[in-house]
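Architecture at a glance
Okay, here's what each chain looks like letter by letter:
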Amino acid sequence: QTPEQVELLGMTVEELSEENAKQLGIESGIGVVISNVKSGSPAEKSGLLPGMIVQEAERQAVSNIDTFKEIINDIDQGKGILLLIRTSNGSRYIFLQEN
């Protein structure tokens, strides 16, 4: 069964499974995981990489892929989106917008 995916500005995110979470050493149920980043895309230029976790979008907690979809459907993607990204070095905000 293929996990549901959402694409945004060159990055593909999917549900953070318990398996993924274990591999990354974090709890599942917090955020969605970036599974793919297109080269040359706004996501890549912002420094996003596969395996990073999106914990918040527009300062709203992202608990799963459905929450993420709701948040990005409500915003004007042309104006960009503020994401809280968790990496192995901790969390940081990244502002993602079209090139």
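These remarks concern the structure in this document. A quick note: this is a predicted structure, and the numbers were derived from the prediction, not measured.

Some words on the overall build of the protein
- Looking only at helices and strands, the protein has 3 helices and 7 strands in total.
- In sequence order, the secondary structure elements of the protein are arranged as β-β-α-β-α-β-β-α-β-β.
- Its C-alpha radius of gyration of 12 Å places the protein within 12% of the 13 Å reference for a compact globule of 99 residues.
- With respect to the three principal axes, the spread of C-alpha positions in the protein is 35 × 25 × 25 Å.
- With 99 residues in all, the protein has 41% of them scored as buried.

Thoughts on the pattern of salt bridges
- A complete count under the given rule lists 4 salt bridges for this structure.
- A salt bridge links K38 to E7; its shortest N-O distance comes to 2.6 Å. Taken together, the residues K38 in the loop between strand 3 (32-37) and helix 2 (42-45) and E7 in strand 1 (residues 5-8) connect sequence positions 31 residues apart.
- Accessibility expressed as a relative area gives 45% for K38, which makes it partly exposed.
- Where D66 meets K69, a salt bridge forms, and the shortest distance between an N and an O atom there is 3.9 Å.

Cut-offs used in this document
- Residues numbered from 1 in each chain as written.
- Predicted model: local features only at pLDDT ≥ 70, side-chain atom pairs only at ≥ 80, totals over all residues.
- Heavy atoms only, no water.
- Helix = DSSP H or I, 4+ residues; strand = E, 2+ residues; numbered from the N terminus.
- Rg over C-alpha atoms; globule rule 2.2 N^0.38 Å.
- Buried < 20%, exposed > 50% of the residue type's maximum accessible area, 1.4 Å probe, protein only.
- Salt bridge = Lys/Arg side-chain N within 4 Å of Asp/Glu carboxyl O.

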